[in-house]
Amino acid sequence: YALLYPIKRYASNHLRYVMLAVVAIIIAWYFVWGIEPKSAGNIYGVTYFKWIVYFLLMLFGAVCGKMRIEPELSDKYHIKRTPNVFVALTGVVVSVCAFYAIFIYTQTSEREPYQLFSIIPLMSTCWFLWRFANTDFSAKLMSTKSLGWPIRFTGGLCLEILIGQAFIFTTKLNYLFPWNIPYLMIKVILFAYIARTLSRILLQTFQKEEYE
């Protein structure tokens, strides 16, 4: 997250080159330094390597955000501003299937290097999900209280949920299955909401505006 600030400040108009640099780091990291033995053939598992992969996705998200605030970029790259719902959802399904097909195929040590190719459908999944989010159908869906509010509420807590889940998830409640699942989910979301609220209070403490 700290790296995003200098990139936004000094290289926001050259994100493609930053992404290419990250791709080069991913390849060098895997083939030169290697990934931790605990990964057990899973580049997204117990490994620091996955951080650089996720950073690539964060940069990809920055590109999408830039296209959102600068619509002329869509025209430059001939991207339709109002996506087709069917095409977007089909892209999501195909991308997810491709990801898991590569992931399952590369579960042996000999095939593990090919798991790097799973990053491509992972990125395309994000792309088509973002495209779906820009459809008129999605906009109408998000405006409803029954679906829109819970999605926005949970989506706004993504970072805090990611941080808190590692401390809250436990196998000690497995004897309660399946009720342990909603119980732990509620605890994670509650933790995330409290963390989010406290962080906003802290942030507003150092701002000139009044508390909201």
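Structure: above.
Draft legend 1. Focus on the environment of Ile35. Locating Ile35 in the fold gives a position in the loop between helix H2 (15–33) and helix H3 (49–69). Separated by 12 residues in the primary sequence, Ile35 and Thr47 place their C-alpha atoms 6.6 Å from one another. Dropping the residues within four chain positions of it, Ile35 is found in contact with Tyr30, Ile43, Thr47, Phe49 and Glu112.

Draft legend 2. Examining unusual backbone geometry more closely. Between Phe177 and Pro178 the backbone carries a cis peptide bond, its omega angle lying at 5 degrees. You can see Pro178 is positioned in the loop between helix H9 (158–168) and helix H10 (180–205).

Draft legend 3. View of the packing of aromatic side chains. Throughout the structure, instances matching the rule amount to 14 aromatic pairs. Ring geometry for Trp127 and Trp130: centres 5.6 Å apart, planes at 40 degrees, overall tilted. Taken together, the residues Trp127 and Trp130, both in helix H6 (residues 119–133) and three residues apart, mark about one turn of the helix.

Draft legend 4. Focus on helix H5 (residues 85–105). Between its first and last C-alpha atoms H5 spans 30 Å; for 21 residues at 1.5 Å apiece the expected length is 30 Å, and the two agree. Looking at the buried positions of H5, the neighbouring elements they touch are H6. Two to three positions downstream of the cap, the backbone nitrogen of Phe86 sits 2.9 Å from a side-chain oxygen, assigning the N-cap of H5 to Asn84.

Basis of the calculations
- Residues numbered from 1 in each chain as written.
- Predicted model: local features only at pLDDT ≥ 70, side-chain atom pairs only at ≥ 80, totals over all residues.
- Heavy atoms only, no water.
- Helix = DSSP H or I, 4+ residues; strand = E, 2+ residues; numbered from the N terminus.
- Contact = heavy atoms within 4.5 Å.
- Phe/Tyr/Trp six-rings, centres within 6.5 Å; stacked < 30°, edge-to-face > 60°.
- Expected span 1.5 Å × (residues − 1).
- Polar contact = N/O pair within 3.5 Å; in protein donor to acceptor, adjacent residues only side chain to side chain.

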